Amino acid sequence: MSDAADPLGAEGSGAAERAESADADARATASDAALDSKKQLGRDYLWNTAASLMSSLAVVIMGIAITRSGSDQDSARHAYGIFTLALAIGQQYQTLGLYEVRTYHVTDVRRRFTFGTYLATRILTCALMVAFIVGHAWTRSPESSPLLVVVCLALLRIFDAFEDVYYSEFQRCGRLDIAGRACFLRIFVTTFLWSGLYWATQSLMVATLVAFGVTVVVLAAAYGLPARGLFPLRPDWGGRAVRGLLVQCLPLFLAAFLNQYLANAPRYAVNDFLGSAPLGDFAIIYMPAVAINMLSLFVFRPLLTRIATRWAAGDWPGFAAMVRRGLASTAIAFVAVGAVTFLVGAPLLRLVYGIDVSAYRMELMVLVFGGAMNAAGVILYYALATMRRQNLVLVAYALAAVCAWALAQWLTPVLGMMGAAISYSGAMTVLAVLFVLFMVGGRRAVLSGRAAGDGDGAVLPEPEDGDEQAIAEPAAGDSPSSPGCADQNGPSSSGPSSAPDAPASDTIVEGGPSPAPDSPGAPPSPSPGDDGSCDPRGGPRA
């Protein structure tokens, strides 16, 4: 029966809509009140920092458990190589599980989509993540025993992808402290339980299966119990809403996936052509490259908001000067890390991991150079994002991904570990050079467009009437990620490192690519108010 023929039904429907709108307004008001509390802000920072630190240490602790508890170096290297391969596969398809929906979720303060829609979408993307992990692992380790181990280890990443939807909703409700506390607890339990079990049993499979079962219980308790009082927990499978959300976030997912591949291409090649033990060595000598990102971003991250302000004000000299300052910090970090790596890098890594990598001294230096190029790319990415050149950034990631595959496939069989190191550094150099070319070439077009009164095209569709601009520009680094404020730092236990924070700006930058996890810290997310301003607290991507 139509609404015209059933006025009571129409009235009831209207009342239901008004009640739903009122409920959304009430939750938004409560969220604003929480965000405005100074005590709440302190709790948010405390638990976000704790979760970030725990996430940053997780893979290092698990790696030490493998390399330090083995009876001999050869078995430890082999086990660590299998662990590294599983980690790479899990990280690659974690981008599918996350689908970069968080970028939209935490900025959806008017609640265009309900938590039920976000939850249903995450269940769908996580199911696809599981399917692709199994398929990819089959192609990488066809033998039955390593295949099962690789699949089980890679599936530990499902917790990082799934819990993110709850993390985002807590942040949207103004209770980032609950999310940070839950994230810290979950990563802590998974990390130390897995490490202790492996140390005792020397079995990757036993450690992973037991840790998986316990983590399911911990995740349900840590997130589910406090969530019951804040938001409904049932998924909403409305096809139109889920489909719309997937379409909105598709460009971010594609960029995140490509960015992650830049980090994984040499690892895949080492496993394919050299074997699991050399892959374990490669994972160890890759570590110093991460330090360059940490040092350079320590200097550059506080400048992000001012960089965006300079650009918004049309101050190109000031904008360019700050970008140069960021690149100078990368150069200084490269010199410092390079000197330490050349002199004592191999002994320090042996002290931590118990494996002698002194034969890879030159490979270490090549990877450190690649880390410097990656850090420079992150800074140039921020600049391009602020200039609203995200379409060109996506092109750069695609070209760099092709370069990464080609170099890894051509050089690794011929040059071994050096070939893999060159392929990583070469791909990162190509990415940084493309960013420079696009930044210089795009300056005049962007300034001309601004003078004419129209901004550079956004990648994502415009939000409907009444919605704020929902997508802020994501960060760039090595691990795809979501956007955030300049001082955010959310964790990711997905690997040795993850992408840094994205620039905060008065100019909302929509769409664009996400970085892949090779730089320290995981991508945090903004928590804007209705005016689009970014809350200075990020959430970890564990």
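Residues numbered from 1 in each chain as written. Predicted model: local features only at pLDDT ≥ 70, side-chain atom pairs only at ≥ 80, totals over all residues. Heavy atoms only, no water.

### Points about the overall build of the protein
Scanning the protein for helices and strands turns up 17 helices and 0 strands. Within the span of the protein, comprising 542 residues, buried residues form 58% of the whole. Within the protein, contacts between residues separated by at least 24 positions form 82% of all contacts whose residues are at least 6 apart in sequence. Counting every atom, the protein has about 20400 Å² of accessible surface; 66% of that belongs to carbon and sulfur. (Helix = DSSP H or I, 4+ residues; strand = E, 2+ residues; numbered from the N terminus. Buried < 20%, exposed > 50% of the residue type's maximum accessible area, 1.4 Å probe, protein only. Contact = heavy atoms within 4.5 Å. Areas by Shrake-Rupley, 256 points an atom, 1.4 Å probe, with all protein chains shown as cover.)

### What to know about the packing of aromatic side chains
Given two aromatic rings, their pairing is described by the distance between the two centres and the angle made by the two planes. Taken as a whole and judged by the stated rule, the model has 28 aromatic pairs. Between the aromatic rings of Phe83 and Trp194, the centroid separation amounts to 5.6 Å while the plane-to-plane angle is 45 degrees, which identifies the pairing as tilted. Of this pair, Phe83 sits in helix α3 (residues 73–98) while Trp194 sits in helix α8 (residues 176–201); the two residues are 111 residues apart in sequence, bridging distant segments of the chain. An identical accessibility class is assigned to Phe83 and Trp194; each is buried. Seen from their ring centres, Phe113 and Tyr118 are 6.0 Å apart, and the 80 degrees between their planes marks the pair as edge-to-face. Residue classification places Tyr118 among the buried residues on the basis of a relative accessible area of 1%. Members of the aromatic cluster, connected to one another through ring pairs, are Phe115, Phe162, Tyr166, Phe170, Tyr223 and Phe231. Across the ring face of Trp47, the terminal group of Arg181 is positioned such that the distance to the ring centre comes to 5.7 Å. Above the plane of the ring of Tyr286 lies Arg267, whose end atom (NZ or CZ) is 5.0 Å from the centre. (Phe/Tyr/Trp six-rings, centres within 6.5 Å; stacked < 30°, edge-to-face > 60°. Lys NZ or Arg CZ within 6 Å of the ring centre and 35° of its normal.)

### With respect to helix α9 (residues 204–227)
Spanning 24 residues, α9 covers 33 Å between terminal C-alpha atoms, matching the ideal 34 Å at 1.5 Å per step. The complete set of buried residues in α9 reads Leu204, Ala207, Thr208, Ala211, Thr215, Val218, Leu219, Ala222, Tyr223, Gly224 and Ala227. (Expected span 1.5 Å × (residues − 1).)

### Quick word on the pattern of salt bridges
Applying the stated criterion to the full structure yields 12 salt bridges. Arg102 is the salt-bridge partner of Asp164, the closest N and O atoms lying 3.4 Å from each other. One end of the pair, Asp164, is in helix α7 (residues 157–172); the other, Arg102, is in helix α4 (residues 101–105), and 62 residues separate them in sequence. Across this residue pair, the class does not change: Asp164 and Arg102 are buried. Ionic pairing is found between Arg186 and Glu163, a salt bridge with its closest N-O pair at 2.8 Å. Highlighted residues: Arg186 in helix α8 and Glu163 in helix α7, separated in sequence by 23 residues. (Salt bridge = Lys/Arg side-chain N within 4 Å of Asp/Glu carboxyl O.)

### Overview of the environment of Leu384
Along the chain, the position of Leu384 falls in helix α15 (residues 361–386). Residues Leu384 and Phe438, spaced 54 residues apart in sequence, show a C-alpha to C-alpha distance of 8.0 Å.

### Focus: the nonpolar core
Counting 124 residues, the largest nonpolar core has Ile89, Trp194, Leu204, Tyr223, Phe319, Phe435 and Met439 as the members making the most contacts within it. The dominant element in this core, judged by the number of residues it contributes, is α3, at 12 residues. Look past the residues within four positions of Phe319 in its chain and what remains in contact with it is Ile307, Arg310, Trp311, Ala383, Thr386, Met387 and Met439. The next biggest cluster of nonpolar side chains, apart from the first, holds 6 residues, and it includes Ile292, Val337, Val368 and Ala372. (Core = buried A, V, L, I, M, F, W, Y, C linked by side-chain atoms within 4.5 Å.)

### Describing the packing of helix α2 (residues 38–69) against α3
Running from N to C, α2 and α3 point in directions that differ by 150 degrees, and their axes come no closer than 8 Å. What the angle tells us is that α2 and α3 run roughly antiparallel. Residues Val59, Met62, Gly63, Ile66 and Thr67 of α2 touch α3, and the partners they reach there are Ala76, Ala79, Tyr80, Phe83 and Leu87. (Axes fitted to C-alpha atoms, helices over the stretch in contact; angles between N-to-C directions. Parallel < 35°, antiparallel > 145°, perpendicular 65-115°, else oblique.)

### Some words on the confidence of the model for the protein
When pLDDT is low, close inspection of the predicted coordinates is not appropriate. Confidence in the prediction for the protein averages 76 pLDDT; 71% of positions are at 70 or higher. Contacts from residues 1–13, a stretch scored under 50 in pLDDT, to residues over four places away or in other chains number 3 contacts. Predicted confidence is poor over residues 455–542, with pLDDT under 50, and the contacts of this stretch with residues over four places away or in other chains come to 390 contacts. (pLDDT = per-residue confidence, 0-100.)

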